[in-house]
Amino acid sequence: MGPHPAVAAIRLAVRRVLHDVLNDHDAPYAASDSPRTPPLVLVACSGGADSMALASALAFEAPKLGIRAGGVTVDHGLQPGSDLRAAEVVARLGALRLDPVESAAVHVGRDGGPEAAARDARYAALDAAADHHGAAAILLGHTRDDQAETVLLGLARGSGIRSLSGMAATSGVDGRYRRPFLRLDRQTARKACMAQSLPVWDDPHNTDPAYTRSRLRHEGLPALEKALGKGVVEALARTAQLSRDDADALDTWAAQAEAMVRDPAGLLECAKLYALPPAVRRRVLRRAAIEAGAPAGSLFARHIEEVDRLITGWRGQGEINLPGKVVAQRQGGRLVIRQG
């Protein structure tokens, strides 16, 4: 008899991603005589059902492909006893025969609110762990349900199609982060843990109404499903993929158009910008602002809309202040975006 259907599903999802990692890792060795070093893949594990299911699948699949597998848990220090829970997660990962395994304690700031600050601290710790161990990839346990929540949060912010595209299956520097479970629901991961008798920890923050995502998970999505019927999560996840495809195409168009709207000195020509479709033009403006030093994470749609009005609604406005001490102003038919 084969494994439980939920266990089989998570293992298949992880196996596919590991094959991709292996292909990416082996590509540089294909045309050389250099000895191949087995790649290391880490799993980011909080101890919850999603990440424990992911850790178990990695531990099962990696050795069969000649891949080293390890794990890292991040102690955010936001709850009493968080260090003890992190130590428990390390022990559970070790019991799965993952190696290396470590716990990374972080300080969570306040920039962007508690959820964003915790996320920034967590990814910084994961990046540091990957660099320290030379990991080829880090697996994250985000599920289809997480994707649906991310789409709704982006919709509420009104921040455009890129925000509606949710989380990418592969992201980060050189595709470091991989999300095998984006096509699986949260219940599949939990059932896989139950079938394997894996202990899991349910983070109380996930049910705390003080957090926006928690309210959406326990109030917003159930209300949508009650009003619209089952299938809302699947539809939102599908919307994310379609939006990502469209956003990628528009980004490619904008990258090509940017070279065409600059004069020989490299300045953006307002008349040529005006001729572009709005979605492409705003992407060109965003790219230019980031290139000038505006932090991408702090550059919102309202900022780009203000800069866009220098092109489409020019009435002699003064300079526009952007994050990162960047300013945008119109001068002699050119748009100048620079450090203020």
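Note: the structure precedes this text.
Residues numbered from 1 in each chain as written. Predicted model: local features only at pLDDT ≥ 70, side-chain atom pairs only at ≥ 80, totals over all residues. Heavy atoms only, no water.

Q: Whenever I open this one, the overall build of the chain confuses me. Can you help?
A: In terms of helices and strands, the chain carries twelve helices and ten strands. Seen through its principal axes, the chain has C-alpha atoms that stretch 70 × 60 × 35 Å. Long-range contacts, defined here as pairs at least 24 residues apart, represent 66% of the contacts in the chain between residues at least 6 apart. Counting only carbon and sulfur atoms, one obtains 54% of the accessible surface of the chain, whose full area is about 17,700 Å². Across the chain, the 43 positively charged side chains and the 39 negatively charged ones have centroids separated by 4 Å. (Helix = DSSP H or I, 4+ residues; strand = E, 2+ residues; numbered from the N terminus. Contact = heavy atoms within 4.5 Å. Areas by Shrake-Rupley, 256 points an atom, 1.4 Å probe, with all protein chains shown as cover. Lys, Arg positive; Asp, Glu negative; His and termini not counted. Charge placed at Lys NZ, Arg CZ, Asp CG, Glu CD.)

Q: Hey, could you run me through the pattern of salt bridges in this one?
A: Side-chain pairs of opposite charge can arise whenever the charged atoms involved come near each other. Evaluated as defined, the whole model comprises 26 salt bridges. The shortest N-O distance in the salt bridge between D131 and R176 comes to 2.6 Å. One end of the pair, D131, is in helix α4 (residues 114–133); the other, R176, is in the loop between β5 (170–171) and β6 (177–178), and 45 residues separate them in sequence. Judged by its relative accessible area of 53%, D131 falls in the exposed class. Taking the shortest distance from any N to any O, the salt bridge between R287 and E258 comes out at 2.8 Å. Highlighted residues: R287 in helix α11 (residues 278–292) and E258 in helix α9 (residues 232–260), separated in sequence by 29 residues. Judged by its relative accessible area of 39%, R287 falls in the partly exposed class. Among the residues examined, E258 registers a relative accessible area of 7% and is labelled buried. The network of salt bridges with common partners includes D146, E149, R186, R213 and R217. (Salt bridge = Lys/Arg side-chain N within 4 Å of Asp/Glu carboxyl O. Buried < 20%, exposed > 50% of the residue type's maximum accessible area, 1.4 Å probe, protein only.)

Q: Please explain the sheet that holds strand β3 (residues 101–105) as it appears in this structure.
A: Pairing between the strands of a sheet is mediated by backbone hydrogen bonds and can be parallel or antiparallel. Strand order in the open sheet formed by six strands is β3-β2-β1-β4-β6-β5, with mixed pairing between adjacent strands. The outermost strands of the open sheet, each flanked by one partner alone, are β3 and β5. Both strand β1 (residues 40–44) and strand β4 (residues 137–139) contribute to a ladder of three bridges, which runs parallel. When the bridges of β4 are listed, L42 appears paired with I138. Along the sheet, helix α2 (residues 49–61) makes contact with β1, β2 (68–75) and β4, crossing β1 at roughly 160°. Contacts from helix α3 (residues 82–95) reach β2 and β3 within the one sheet, and its direction differs from that of β2 by about 170°. (Pairing = 2+ DSSP bridges. Axes fitted to C-alpha atoms, helices over the stretch in contact; angles between N-to-C directions.)

Q: Sorry, what's going on with the nonpolar core here?
A: One recurring pattern in soluble globular proteins: nonpolar side chains tend to sit buried together. Of all hydrophobic cores here, the largest spans 34 residues; its most connected members are V41, L58 and F181. Secondary-structure elements contributing two or more residues to this core are α1 (5–30), β1, α2, α3, β4 and α7 (186–195). Per element, the largest residue contribution to this core is nine residues, and it comes from α1. Excluding anything up to four places from it in sequence, L58 contacts V14, L18, V41, L42, V43, P63, A69, G70 and L139. Counting residues in hydrophobic clusters, the runner-up holds 26 residues, among them V261, C270, L276 and I304. (Core = buried A, V, L, I, M, F, W, Y, C linked by side-chain atoms within 4.5 Å.)

Q: Would you mind going over the state of the cysteines with me for this structure?
A: Here, the word disulfide means a covalent bond between the sulfur atoms of two cysteines. Overall, the coordinates contain zero disulfides when judged by the stated rule. Counting only cysteine sulfurs, C45 is the nearest neighbor of C193, a cysteine outside any disulfide, at a range of 8.8 Å. On the basis of relative accessibility, which here comes to 2%, the residue C193 falls in the buried class. (Disulfide = S-S within 2.5 Å.)

Q: Looking at this model, I keep getting lost on unusual backbone geometry. Mind explaining?
A: The general pattern is negative phi for most residues beyond glycine and trans for most peptide bonds. With an omega of 10°, the peptide bond between D99 and P100 qualifies as cis. Locating P100 in the fold gives a position in the loop between α3 and β3. Even without being glycine, D174 reaches a positive phi, approximately 55°. Within the fold, D174 resides in the loop between β5 and β6.

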